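Letter by letter, the chains look like this.
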Amino acid sequence: MKLCVLGSGSGGNCTLVYTDSTALLVDAGFSGVEIEKRLSAIGFDPGRIKAVLLTHEHTDHLRGASVFSKKYRLPVYLTDGTYENANGALKKKHVMKPQKIRSEESFTLGDIKVEPFSIPHDAAEPVAFLFTHNERRALTLTDVGSVTVRVVEKLRRAHLAVLESNHDTELLKIGPYPLWLKQRVRGKLGHLSNDDCASLLKYGGGSSLANVIFAHISATNNNPDLVRISVQTIMDEGSIKYEIARQDRPGEIHEV
């Protein structure tokens, strides 16, 4: 199984997870044309995609879901809460029947097992995903306001993890966001800070975890150097490799 973050941040999120026979998109937060462009940039044929999985209804995660799924006739897997709270975007344009999923009810797409699980975020029914193929597991976890027992449980099983490292606490404090937005970002239903992410890795990472991709990094309240500083000690303690996902272009293709 392989994984590539096609882009991540407040401007759009999309991740490709695939094997030789099955390819899935986790979120489609860019336009359909942009998703095609990013897949082309890594040499991947969009016609190989079998399904789109949505984590929640925020625009930066479903912007291109309808157009992309319509063009390639793909099913979209999402919770009922995500479907009902997507401002009609999926109901009006989506030509394939949405496939409703539930937290903690796993299912299989091709040769990939998918385990959706609930996460705390200010959305109707948000989920994250753990993917399994040939006993190898990849976790995609962004847009999560706080660490739960379930989050730690899934992380401890993962060999590769895409983890949110959204903001630097001090930058957010002194930054330009209005107070209400600062409170939303740092709240229990907001986003994980660099320190939160580092703590999650230090105390929640399992022995099988070998690769981490830090994602959903704020362009206003964070930067890659601050992410590196916050996790460098943890990364130096073991053999974990890491990448910092970009908003403007696809990242590396990782073997899980």
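The structure under discussion appears in the preceding block.
Report on the accompanying structure. Keep in mind the model is a prediction, meaning the values are calculated, not measured.

About the thresholds
- Residues numbered from 1 in each chain as written.
- Predicted model: local features only at pLDDT ≥ 70, side-chain atom pairs only at ≥ 80, totals over all residues.
- Heavy atoms only, no water.
- Salt bridge = Lys/Arg side-chain N within 4 Å of Asp/Glu carboxyl O.
- Helix = DSSP H or I, 4+ residues; strand = E, 2+ residues; numbered from the N terminus.
- Buried < 20%, exposed > 50% of the residue type's maximum accessible area, 1.4 Å probe, protein only.
- Arc of directions from axis to C-beta.
- Phe/Tyr/Trp six-rings, centres within 6.5 Å; stacked < 30°, edge-to-face > 60°.
- Lys NZ or Arg CZ within 6 Å of the ring centre and 35° of its normal.
- Pairing = 2+ DSSP bridges.
- Contact = heavy atoms within 4.5 Å.
- Axes fitted to C-alpha atoms, helices over the stretch in contact; angles between N-to-C directions.

Observations concerning the pattern of salt bridges
Okay, step 1: Using the criterion set out here, one finds 12 salt bridges in the structure.
Okay, step 2: Of the charged contacts, one joins glutamate 34 and lysine 37 as a salt bridge, the two residues approaching to 3.6 Å between their closest N and O atoms. Of this pair, glutamate 34 and lysine 37 both sit in helix α1 (residues 32-41), separated by three residues, roughly a single helical turn.
Okay, step 3: Taking the relative accessible area as the measure of exposure, lysine 37 reaches 52% and is therefore exposed.
Okay, step 4: In this structure, glutamate 115 and lysine 154 form a salt bridge, with 3.1 Å as the shortest nitrogen-oxygen distance. Highlighted residues: glutamate 115 in strand β8 (residues 112-118) and lysine 154 in helix α6 (residues 149-157), separated in sequence by 39 residues.
Okay, step 5: Judged by relative accessible area, glutamate 115 falls into the buried class, the value being 8%.
Okay, step 6: In this structure lysine 154 comes out as buried when scored by relative accessible area, which is 5%.
Okay, step 7: Each member of the salt-bridge network shares a partner with another, and the members are Glu34, Lys37 and Arg38.

Considerations on helix α9 (residues 194-204)
Okay, step 1: Within α9, burial applies to Asn194, Cys197, Ala198, Leu200, Leu201 and Gly204. Along the long axis of α9, the arc covered by the buried residues comes to 170°, so they all point the same way. Seen from the open side of α9, the exposed residues pointing more than 90 degrees away from its buried face are Asp195 and Tyr203.

Describing the packing of aromatic side chains
Okay, step 1: Here the structure, examined in full by the defined rule, presents five aromatic pairs.
Okay, step 2: Taking the centre distance of 4.8 Å and the plane angle of 45° together, the rings of phenylalanine 68 and tyrosine 72 count as tilted. Taken together, the positions of phenylalanine 68 and tyrosine 72, both in helix α3 (residues 65-72) and four residues apart, correspond to about one turn of that helix.
Okay, step 3: Classification of tyrosine 72 as partly exposed rests on a relative accessible area of 23%.
Okay, step 4: Between the NZ or CZ atom of arginine 38 and the centre of the ring of phenylalanine 30, over which it lies, the distance is 4.1 Å.

Re the sheet that holds strand β3 (residues 23-26)
Okay, step 1: An order of β6-β5-β4-β3-β2-β1-β14 is seen for the seven strands of this open sheet, with the pairing classed as mixed. Each of the sheet's edge strands pairs with one partner strand only, and the pair in question is β6 (99-101) and β14 (254-255).
Okay, step 2: Summarising the sheet, β3 and strand β4 (residues 49-53) pair through four bridges and their orientation is parallel. Among the inter-strand pairings, leucine 25 is bridged to a residue of β4, identified as valine 52.
Okay, step 3: This element, α1, spans β1 (2-7), β2 (14-18) and β3 of the sheet and lies at about 130° to β1.

A word on the side chain of threonine 82
Okay, step 1: Within the element layout of this structure, threonine 82 appears in helix α4 (residues 80-84).
Okay, step 2: Under the relative-accessibility criterion, threonine 82 is labelled buried at 0%.
Okay, step 3: With residues near it in sequence (within four places) discarded, threonine 82 still touches Thr55, His56, Glu57 and Glu125.

As for the environment of leucine 189
Okay, step 1: With respect to the secondary-structure elements, leucine 189 resides in the loop between α8 (179-186) and α9.
Okay, step 2: Using a relative accessible area of 45% as the deciding quantity, one classes leucine 189 as partly exposed.
Okay, step 3: Taking the C-alpha atoms as reference points, leucine 189 and isoleucine 119, separated by 70 residues in sequence, lie 8.8 Å from one another.
Okay, step 4: Excluding residues within four positions of it along the chain, leucine 189 makes contact with Pro120, His121, Asp122 and Gly145.

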